Amino acid sequence: YLTLPLAVSGHGYMSCPATTYIDPSTATTYIYRVDANTIFPGLKWNDSPQKNSDQLTQKINQGQFPDLKSCTNKYVTGCPHNDLSKSIDANQLSTFQWQNDQEMKGFIPSHEGPCEIWIDSKRIFNNSNCARTYTAYPASVSIDYSICKGTCQFEFYWLAMHESMWQIYKACAIITRSSEYNKKKKLE
């Protein structure tokens, strides 16, 4: 389980699956910042968070920007904030959750931008503006964990675009689903 310090100044953490953070003080921080002007020179990236996110969505739809996993992995190796030595039983899980306990929010509203969820090499969820779409506390997304057969790596990616120095968030967990549970669910 995640143990957070009493005063957290950050942006949120992955609470379901309940990943373990190596250093709890890094649980709510972005993992890397990248200058949008180096990716898309000549475009304005210091507009409103929604306009920045909408502009990136256009680039994605035009095939000018890869998935978040590919983009993030250019700058971040592995899952440096998470302890992947223990697995999380995902047999009973049906959602992904992100939350900021200090502000009692899921995604910070000003940090608009896309997010994705992957299980191993398969993208199972994406949204062009998670902070605008998922406003509950915690932010909760329905996920079909059945793609995982045995042991898998669960990865969450989020790009906060409230300024031209985009903040990259990445959280990971090792999840397991037993074959007996998968067979039982098929019979129901």
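Just so it is clear, the model here is predicted, and its values are computed rather than measured.

A. Representation of the packing of aromatic side chains within the structure. Per the stated rule, a full pass over the model turns up 17 aromatic pairs. Judged by centre distance (4.9 Å) and plane angle (40 degrees), the ring pair of W98 and F156 falls under tilted. Of the two residues, W98 sits in strand β4 (residues 95-99) while F156 sits in strand β8 (residues 150-160), which places them 58 residues apart along the sequence. Grouping residues by exposure puts W98 and F156 together as buried. Pairing F107 with F156 gives two aromatic rings, centres 6.2 Å apart and planes at 40 degrees, and the pair type is tilted. Linking F107 in the loop between β4 and β5 (115-119) with F156 in strand β8, this pair joins segments that are 49 residues apart in sequence. Owing to a relative accessible area of 4%, F107 belongs among the buried residues under this scheme. Here the aromatic residues Y30, F96, W98, F107, Y145, F154, F156, W158 and Y169 are joined through ring pairs into a cluster of three or more.

B. Seen up close, unusual backbone geometry. With an omega of 0 degrees, the peptide bond running from C16 to P17 counts as cis. Position of P17 relative to the elements: it lies in the loop between β1 (13-16) and β2 (32-35). For the peptide bond that leads from Y137 to P138, omega is -10 degrees, which places it in the cis range. Within the secondary structure, P138 sits in the loop between α4 (130-133) and β7 (139-142). Despite not being glycine, M104 shows a phi value in the positive range, around 55 degrees. As for its placement among the helices and strands, M104 is situated in the loop between β4 and β5. Backbone geometry at D120 places phi at a positive 55 degrees, although glycine is not the residue there. Positionally, D120 belongs in the loop between β5 and β6 (122-127). Residue class for D120 comes out partly exposed when judged on its relative accessible area of 35%.

What counts and how
Numbering of residues starts from 1 in each chain and follows the order in which that chain's sequence is written. Since the coordinates come from a predicted model, pLDDT governs what is reported: local features require at least 70, and pairs of side-chain atoms require 80 or more to be given and counted, while whole-chain, interface and lining totals use all residues. For the side-chain quantities, the full set of heavy atoms in the structure was used; hydrogens and water were omitted. Here a Phe, Tyr or Trp ring, Trp counted by its six-membered ring, pairs with any other such ring whose centre lies within 6.5 Å, and the pair is stacked when the planes are under 30 degrees apart, edge-to-face when over 60, and tilted otherwise. Under the DSSP-based scheme used, a helix requires at least four consecutive residues in state H or I and a strand at least two consecutive residues in state E, with every element numbered from the N terminus. Only protein chains enter the calculation, and the probe is 1.4 Å; a residue is then buried if its accessible area is under 20% of its type maximum, exposed if over 50%, and partly exposed in between.

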